[in-house]
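These are the residues of each chain, in order.
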Amino acid sequence: DQQVKQNSPSLSVQEGRISILNCDYTNSMFDYFLWYKKYPAEGPTFLISISSIKDKNEDGRFTVFLNKSAKHLSLHIVPSQPGDSAVYFCAARPLTDKLIFGTGTRLQVFP
Amino acid sequence: EPEVTQTPSHQVTQMGQEVILRCVPISNHLYFYWYRQILGQKVEFLVSFYNNEISEKSEIFDDQFSVERPDGSNFTLKIRSTKLEDSAMYFCASSEAPLTSGVGDEQFFGPGTRLTVL
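Chains are numbered independently. Their residues run from 1 in the order of the written sequence. Chains and ligands are labelled sequentially in the order written, the chains with letters from A and the ligands with numbers from 1. At least 70 in pLDDT is required for a residue's local features to be given in this predicted model, at least 80 for side-chain atom pairs to be given and counted, and no such filter applies to totals for whole chains, interfaces and linings, which use all residues. As a convention, hydrogens and water are excluded, and side-chain values are obtained from all of the structure's heavy atoms.

1. Some words on the sheet that holds strand β7 (residues 65-68) of chain B
Residues and elements named next belong to chain B.
- Between any two strands, at least two bridges found by DSSP are needed for them to pair. To qualify as a helix, a DSSP run of H or I must reach at least 4 residues; to qualify as a strand, a run of E must reach at least 2; elements of each kind are numbered from the N terminus. Taken together, the four strands give an open sheet; going across it, the order is β1-β3-β8-β7, and neighbouring strands pair in antiparallel fashion. The open sheet has two edge strands with one neighbour each: β1 (5-7) and β7. Across this sheet, the average inter-strand angle for adjacent strands is 20°, counted without regard to direction.
- By the bridge criterion, five bridges tie strand β3 (residues 19-24) to strand β8 (residues 75-79) in an arrangement that is antiparallel. For V19, the partnering residue across the bridge sits in β8 and is I79. Axis definition: a line fitted to C-alpha atoms, limited for helices to the stretch in contact. Angles are taken between N-to-C directions and run from 0 to 180 degrees.

See below:
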């Protein structure tokens, strides 16, 4: 079951630069998308979400872009900070209350 | 800031034994969920629970699994006869409203219980 895919298992970015995390999905019935951040030994923490009727949502340093025709979304973090180093999960909602997660991308922000 | 708590943080059990994983959701939340993450794999939905009933369950959530809200604060996941493949991190989550409401729908996750089945 690969309905939500994060093809980059890791990403390394210099502090102050932009981090771009990508996510692809296959199910056109997904109507809501979320990004979660996870530190070791902690549960996922909600970051930002976007409805399928929008193509952009911004919250501080975090912006999510949705391209429905390409079934692709991305999370932009700018400027990146060392504290952003974590695993980032893309998740999608298939018209019910469950979330379908991607495999995650490990972001490392170095000084 | 209110948070979801889970106990124990790590549970080791023998194959075939019953385990109960405990969660205390955020106090004003009404919707409860269990997810699991097998090492190196994605986080997978197990079950959602509202108004003392299962709302939805995945194919993973077979007859060996059950959930209960025994009192006003706890939400438990029971595995009756554990198998080696049940070894995973189990996350409890809660939300104020269902995801489908579009309002207050963020799911808050607990830190997880690592279950090791030997």
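2. Thoughts on the interface of chain A and chain B
- Pairs of residues are marked as contacts when any of their non-hydrogen atoms sit within 4.5 Å. Contacts between chain A and chain B engage 21 residues on the former and 17 residues on the latter.
- For the pair chain A and chain B, the summed buried surface comes to about 1,700 Å²; carbon and sulfur atoms form 58% of the total.
- The largest per-residue losses of area from chain A upon contact with chain B belong to D97, K98 and F101 of chain A, which jointly make up 33% of the total buried on that side.
- By convention in these notes, a salt bridge is any Lys or Arg side-chain nitrogen within 4 Å of a carboxyl oxygen on Asp or Glu. Counting the contacts that link chain A with chain B gives one salt bridge.
- Residue K98 of chain A is joined to E56 of chain B by a salt bridge in which the shortest nitrogen-to-oxygen separation is 3.7 Å. By convention, the term buried area covers the 1.4 Å-probe accessible surface removed from two parts as they join, with the contributions of both added.

3. Comments concerning unusual backbone geometry
- With an omega of -10°, the peptide bond between V78 of chain A and P79 of chain A qualifies as cis.
- You can see P79 of chain A is positioned in the loop between β8 (72-77) and β9 (86-93).
- Between T7 of chain B and P8 of chain B the backbone carries a cis peptide bond, its omega angle lying at -10°.
- Residue placement: P8 of chain B occurs in the loop between β1 and β2 (10-13).
- With a phi angle near 55°, N51 of chain B is a residue other than glycine that sits in the positive phi range.
- Along the chain, the position of N51 of chain B falls in the loop between β5 (43-50) and β6 (53-57).
- Accessible area is worked out with a 1.4 Å probe on protein chains only. A residue is then buried under 20% of its type maximum, exposed over 50%, and partly exposed in between. Classification of N51 of chain B as exposed rests on a relative accessible area of 56%.

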